[in-house]
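Below are the chains, spelled out letter by letter.
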Amino acid sequence: MPDAPVLGAGKTVKLDEAAFSERFQGPLVHQTVRAEQAARRRGTAATKTRGMVSGGGAKPWRQKGTGRARAGSPIWTGGGIAFGPKPRSYTFKVNRKERRAALRSALSLHAERESIGIINTASFKEPKTSHASAMLENWDQPRPTLVALVPQERAAALSFRNLAGVAVKNAEDVGVADLVGAASLLLSNEALASLTARVRAGSS
């Protein structure tokens, strides 16, 4: 059964085997990361067509006698764009069972690499960045580091959020892209329970 060290406590916590011992499924993880990133795209890019710009309808000047080049109904710089982008949604669906399996794969990869740490947020009575920094330095894991907490652990979140190479997220909002993009993962006990419950729901 995989385990993870509790930072500053000299002990380890056993990780749920169903959630942290899954074989890595690369194609499924890749598909889920693509879906998460696509869902974040605003899809607001737009250009005007020929019919939406002024001009471009009548011949701009007569055919002969002006000394200028012949011009019919041109598309000049600043004019309409043929087949340009229009506002659209980039989202595509990955079903719930696949998302959970991908999340288990990403968590299991961290467990296999021993890049998961547990913190006791009770030590953060108030925000203290120096305390958070010392924890990470003593842990000696590569960054970027993802710190997953629950909303009640605000003091700890404020302590970690200004550190370079550290991202703080609500455990409920942690996605596969967040996990695979992090070199190390730091969880509170409550965040660990939350993530475990999320991925176990579809493991049977």
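Residues numbered from 1 in each chain as written. Predicted model: local features only at pLDDT ≥ 70, side-chain atom pairs only at ≥ 80, totals over all residues. Heavy atoms only, no water.

A.B. asks: Looking at this model, I keep getting lost on the overall build of the chain. Mind explaining?
C.D. replies: When its secondary structure is counted, the chain shows seven helices and six strands. Overall, the chain shows an N-to-C arrangement of helices and strands of β-β-α-α-α-β-α-β-α-β-α-β-α. Taking 17 Å as the expected radius of gyration for a compact globule of 204 residues, we find that the chain reaches 26 Å, considerably beyond that expectation. Along the longest, intermediate and shortest principal axes, the C-alpha atoms of the chain span 90 × 40 × 25 Å. A total of 204 residues make up the chain; the buried ones form 36% of that total. Sequence-distant contacts in the chain: of pairs separated by 6 or more residues, those separated by 24 or more amount to 71%. Accessible surface computed for the chain: about 12200 Å², of which carbon and sulfur atoms make up 49%. (Helix = DSSP H or I, 4+ residues; strand = E, 2+ residues; numbered from the N terminus. Rg over C-alpha atoms; globule rule 2.2 N^0.38 Å. Buried < 20%, exposed > 50% of the residue type's maximum accessible area, 1.4 Å probe, protein only. Contact = heavy atoms within 4.5 Å. Areas by Shrake-Rupley, 256 points an atom, 1.4 Å probe, with all protein chains shown as cover.)

A.B. asks: Hey, could you run me through the packing of aromatic side chains in this one?
C.D. replies: The relative placement of two aromatic rings is captured by the distance of their centres and the angle of their planes. By the definition in use, this model includes one aromatic pair. Arranged with centres 5.6 Å apart and planes meeting at 55°, the rings of Phe 124 and Phe 160 form a pair that is tilted. Separated by 36 residues along the polypeptide, Phe 124 in the loop between strand S3 (116-119) and helix H4 (129-139) and Phe 160 in helix H5 (residues 154-160) bring together distant segments of the chain. Comparing Phe 124 with Phe 160 shows no difference in burial state: the two are buried. Across the ring face of Trp 61, the terminal group of Arg 68 is positioned such that the distance to the ring centre comes to 3.7 Å. (Phe/Tyr/Trp six-rings, centres within 6.5 Å; stacked < 30°, edge-to-face > 60°. Lys NZ or Arg CZ within 6 Å of the ring centre and 35° of its normal.)

A.B. asks: Even after reading the chapter, I still don't get the pairing of S3, so can you show me in this structure?
C.D. replies: Residues in a regular strand project their side chains so that they alternate between the two faces of the sheet. Neither face of S3 is open: one carries Ile 116 and Ile 118, the other Gly 117 and Ile 119, and all of them are buried. In terms of strand pairing, S3 meets strand S6 (residues 184-188) through four bridges, oriented parallel. What sits directly across from Ile 118, in S6, is Leu 187. (Pairing = 2+ DSSP bridges.)

A.B. asks: What exactly am I supposed to notice about the pattern of salt bridges here?
C.D. replies: Close approach of charged atoms allows side chains of opposite charge to pair. In total, this model carries five salt bridges according to the counting rule given. The residue Asp 178 makes a salt bridge to Arg 40 at a minimum N-O spacing of 3.7 Å. Of the two residues, Asp 178 sits in helix H6 (residues 176-180) while Arg 40 sits in helix H2 (residues 26-40), which places them 138 residues apart along the sequence. Where Glu 137 meets Arg 143, a salt bridge forms, and the shortest distance between an N and an O atom there is 3.7 Å. Judged by relative accessible area, which is 53%, Glu 137 ranks as exposed. Three or more residues are tied together by salt bridges with common partners; here these are Arg 40, Lys 169 and Asp 178. (Salt bridge = Lys/Arg side-chain N within 4 Å of Asp/Glu carboxyl O.)

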